[in-house]
Amino acid sequence: MRKKYNNIVNDIRLLSMLCLISLIMCLSLPAYAAEGGSCGDKLTWKLSGDTLTISGSGDMTDYKNDALAPWYPYAEEIRTIVLPSGLTSVGDYAFCGCTNLTNIEIPDNVTSVGKYSFAGCINLLSVDLGNELQAIEKGAFHQGESLQAISFPT
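Thresholds, definitions, all that
Residues numbered from 1 in each chain as written. Predicted model: local features only at pLDDT ≥ 70, side-chain atom pairs only at ≥ 80, totals over all residues. Heavy atoms only, no water. Patch = residues over 30% accessible without salt bridge, like charges linked within 9 Å, V, L, I, M, F, W, Y side chains within 5 Å. Areas by Shrake-Rupley, 256 points an atom, 1.4 Å probe, with all protein chains shown as cover. Salt bridge = Lys/Arg side-chain N within 4 Å of Asp/Glu carboxyl O. Lys, Arg positive; Asp, Glu negative; His and termini not counted. Charge placed at Lys NZ, Arg CZ, Asp CG, Glu CD. Helix = DSSP H or I, 4+ residues; strand = E, 2+ residues; numbered from the N terminus. Core = buried A, V, L, I, M, F, W, Y, C linked by side-chain atoms within 4.5 Å. Buried < 20%, exposed > 50% of the residue type's maximum accessible area, 1.4 Å probe, protein only. Pairing = 2+ DSSP bridges. Axes fitted to C-alpha atoms, helices over the stretch in contact; angles between N-to-C directions.

Caption draft 1: Fine view of a negative patch on the surface. On the surface, Glu105, Asp108, Asp128 and Glu132 cluster together into a patch of negative charge. Relative to the helices and strands, glutamate 132 is located in the loop between strand 8 (126–128) and strand 9 (135–136).

Caption draft 2: Summary view of the nonpolar core. Leu52, Ile54, Trp71, Ile81, Phe95, Ile106 and Phe118 are the most contacted members of the largest nonpolar core, which totals 36 residues. Counting residues per element, the ones that place at least two in this core are strand 2 (43–48), strand 3 (51–59) and strand 5 (86–90). With three residues, the top contributor of residues to this core is strand 2.

Caption draft 3: Structural view of the sheet that holds strand 10 (residues 149–151). Read from one edge of the open sheet, three strands run 6-8-10, paired in parallel fashion. Strand pairing shows two members of the sheet lacking a second neighbour, strand 6 (103–105) and strand 10, which therefore form its edges. Each strand of the sheet is rotated relative to its neighbour by a mean of 5°, with strand direction disregarded. Examined bridge by bridge, strand 8 and strand 10 share three bridges and lie parallel to one another. In the strand pairing of strand 10, serine 126 is matched with alanine 149.

Written out as structure tokens, the structure reads:
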């Protein structure tokens, strides 16, 4: 009887240890996911501290209201967004909810700023638009109540 009891206690200890390891691994996953990934065929993103850096060239992925950008869970932490000169479009809903973003510089090669791409960026003060810009889609700067200056291409 005692041996059976010891086996049960050992099994409980082992199970508890496995649960603890699983919990630690699960808690580590969101931080790993925040490091970066793809956001277009030839574009990648990386989040470091409060800076979101997009690298590469081409069109950015269009996101949707129900399938937001992979960095969206960290949107309130983002203060700076760096866009590459090779970027050709800003995707729909790409930076919505980045409430601590204060300015954005759209590179010259960007031809379109997608729907609701900067919606909810309530502290956005200034926007510099690139020379090749042809379209700013519906709601791109929705709820941009702090917006004070937009620099248009010359």
